[in-house]
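Architecture and fold: a report
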Amino acid sequence: MTQHDSPSLPAHRPGASRQAPEDPSPSRTTRPWMPALLYTLGFLTVYLLAICTPWGQRAENALFGFGKQGSEEAWIYPLSGAAYGSTPLPPMELSAEPTVMVGLAVIVVLTLVRRCWWPGCAALGIVILATGGKEVLKSNLPRPDLVGAPENLLDQGFPSGHTTIPAALTLAAVLVVSPRIRPYVATVGVLWLACIAAASATMGGHRPSEVLGATLLACACYGLATWLLPSAAAPGATRSPRALPVITLTLALVIALASGARNDTLTRSLVSGTTGFICAALVWYAAVGRPAHTARRTRPALD
């Protein structure tokens, strides 16, 4: 009887079972340029709808008709720096420039200590581009008078400089701090922004569109900076405690409503508080709510 040879079996390699199959699907790769584009489109949409249309101008100008003229009726007035001898809450009134300088200095120190050169440069770029771009846009974006508004309502204030500062500094800070404390730094910055944005809207210095425009400008600069970062230096997805987003946004809502409150009008108080909360939610989502760069494909493990 002829004995047939059995088919040979592949040699067993000890490390073969530990190899992770490479995922050939490109569906896991996100589009990092989309956030910057969406924030830019949001900025342009707010400007076109609120400032370049008659009904947008009428809606915002009508807010100034609710309650008394001036900021004395705002709850946050004692902290605004407008009262004689009062100390302003940064970056309100004359504290705006010192706040930016201190913020830039802190970013430089964190960059040197952690040696995160690319994120540090990106963080500085966010603050410089957002605050400088605010000045350029405020000088060059026209506010046409489409409804025959009073002269005191014709000043161009789009976007709001006081709102740009906390938004830009918060988004810059999350790039240079440790990933473990990044959600908590974002929480502090978001609560600060909610207060300043609502206060800017309720005290008569800025319209809601100008406050929203400033926040969208800072978010667009953040999206652009994270897109331009090298892959090795880009921050990954931020993991935060499960309850932290709910706690942060709830506190932001409370702070925004309190900062936007006035004694003489409920409507203007609610609009200002809601505006401040939307600004806080936008920055929270930009800083913590999504991965900042592309997800990388899984590479096979090497023995």
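Residues numbered from 1 in each chain as written. Predicted model: local features only at pLDDT ≥ 70, side-chain atom pairs only at ≥ 80, totals over all residues. Heavy atoms only, no water.

Observations concerning the overall build of the chain
This is how the line gets drawn: In this text, helices come from DSSP runs of H or I with a minimum length of four residues, and strands from runs of E with a minimum of two, each type numbered from the N-terminal end. With a 1.4 Å probe rolled over the protein chains alone, any residue whose accessible area is under 20% of its type maximum counts as buried; one over 50% counts as exposed, and the rest are partly exposed.
When helices and strands are tallied, the chain shows nine helices and zero strands. The linear arrangement of helices and strands in the chain, starting from the amino end, is α-α-α-α-α-α-α-α-α. Each of the 303 residues in the chain was classed as buried or not, and the buried ones make up 46%.

What about the packing of helix 3 (residues 96-114) against helix 5 (residues 161-176)?
What counts is decided by this rule: A fitted line through C-alpha atoms represents every axis, and for helices the fit uses only the stretch in contact; the resulting angles, taken between N-to-C directions, go from 0 to 180 degrees. By the definition adopted for this analysis, an angle is roughly parallel if under 35 degrees, roughly antiparallel if over 145, roughly perpendicular if from 65 to 115, and oblique otherwise. Residues are treated as being in contact if the distance between any of their heavy atoms lies within 4.5 Å. Nonpolar residues are Ala, Val, Leu, Ile, Met, Phe, Trp, Tyr, Cys and Pro. Charged residues are Asp, Glu, Lys and Arg, and all others, Gly as well, are polar.
It is the contact of helix 3 with helix 5, at a shortest axis distance of 10 Å, that shows an interaxial angle of 5 degrees. In terms of orientation, helix 3 and helix 5 fall into the roughly parallel class. Contacts between helix 3 and helix 5 involve Ala96, Thr99, Val100, Gly103, Ile107, Leu110, Thr111 and Arg114 from the former and His162, Ile165, Leu169, Ala172 and Val176 from the latter. Here the residues of the contact of helix 3 with helix 5 are counted per class, giving eight nonpolar, four polar and one charged.

Some words on helix 2 (residues 54-63)
Rule in force here: By arc we mean the arc of the directions from the helix axis to the C-beta atoms, nothing more.
For helix 2, the complete set of buried residues consists of Gly56, Gln57, Glu60, Asn61 and Leu63. Around the axis of helix 2, the buried residues are gathered within 145 degrees of arc, so they sit on the same side. Among the structural elements, helix 1 (33-51), helix 7 (208-228) and helix 9 (266-287) are those in contact with the buried residues of helix 2.

Regarding a nonpolar patch on the surface
To be explicit about the condition: Residues qualify for a patch when their relative accessible area is over 30% and they have no salt bridge, like charges being joined within 9 Å and the nonpolar side chains of Val, Leu, Ile, Met, Phe, Trp and Tyr within 5 Å. Under the convention used here, a 1.4 Å probe and the Shrake-Rupley method define accessible areas, while residue burial counts only the protein chains that appear. The term salt bridge refers to a pairing of a side-chain nitrogen on Lys or Arg with a carboxyl oxygen on Asp or Glu at a separation within 4 Å.
Taken together, the side chains of Trp33, Leu37, Leu38, Leu41, Leu44, Leu48, Leu129, Leu224, Trp227 and Leu228 make up a nonpolar region of the molecular surface, amounting to roughly 920 Å² of accessible area. Those elements giving two or more residues to the nonpolar patch turn out to be helix 1 and helix 7. If you trace the backbone, Leu37 turns up in helix 1. Leu37 sits in the partly exposed class, given a relative accessible area of 37%.

Section: the packing of helix 1 against helix 2
The interhelical angle for the contact between helix 1 and helix 2, taken along N-to-C directions, is 80 degrees, at an axis separation of 5 Å. One element, helix 1, and the other, helix 2, form an angle in the roughly perpendicular class. For the pair formed by helix 1 and helix 2, the contact residues are Leu49, Ala50 and Ile51 on the first element and Trp55, Gly56, Gln57 and Glu60 on the second. For the contact of helix 1 with helix 2, the class distribution of residues is four nonpolar, two polar and one charged.

Quick notes on the nonpolar core
What counts is decided by this rule: Nine residue types can take part in a nonpolar core, namely buried Ala, Val, Leu, Ile, Met, Phe, Trp, Tyr and Cys, and a core is a set of them joined through side-chain atoms within 4.5 Å.
With 56 residues, the main nonpolar core has Ile126, Val127, Phe158, Leu171, Tyr222 and Val283 as its most contacted residues. Counting residues per element, the ones that place at least two in this core are helix 1, helix 3, helix 4 (117-140), helix 5, helix 6 (182-202), helix 7, helix 8 (244-260) and helix 9. By residue number, the principal contributor to this core is helix 7, which donates 10 residues. Listed in part, the nine residues of the second largest apolar core include Ala74, Ile76, Cys195 and Ile196.

A short note on the environment of Val176
Tracing the sequence through the fold places Val176 in helix 5. Aside from chain neighbours lying at most four places away, what touches Val176 is Ile107, Leu110, Thr111, Arg114, Cys116, Pro119, Gly120 and Ala123.

Observations concerning the pattern of salt bridges
Oppositely charged side chains can pair when the atoms bearing their charge come close. The full count for this structure, using the stated rule, is four salt bridges. In this structure, Glu135 and Lys134 form a salt bridge, with 2.2 Å as the shortest nitrogen-oxygen distance. Across the pair Glu210 and Arg207 runs a salt bridge, and its minimum N-O distance is 3.3 Å. We classify Arg207 as buried; its relative accessible area is 4%.

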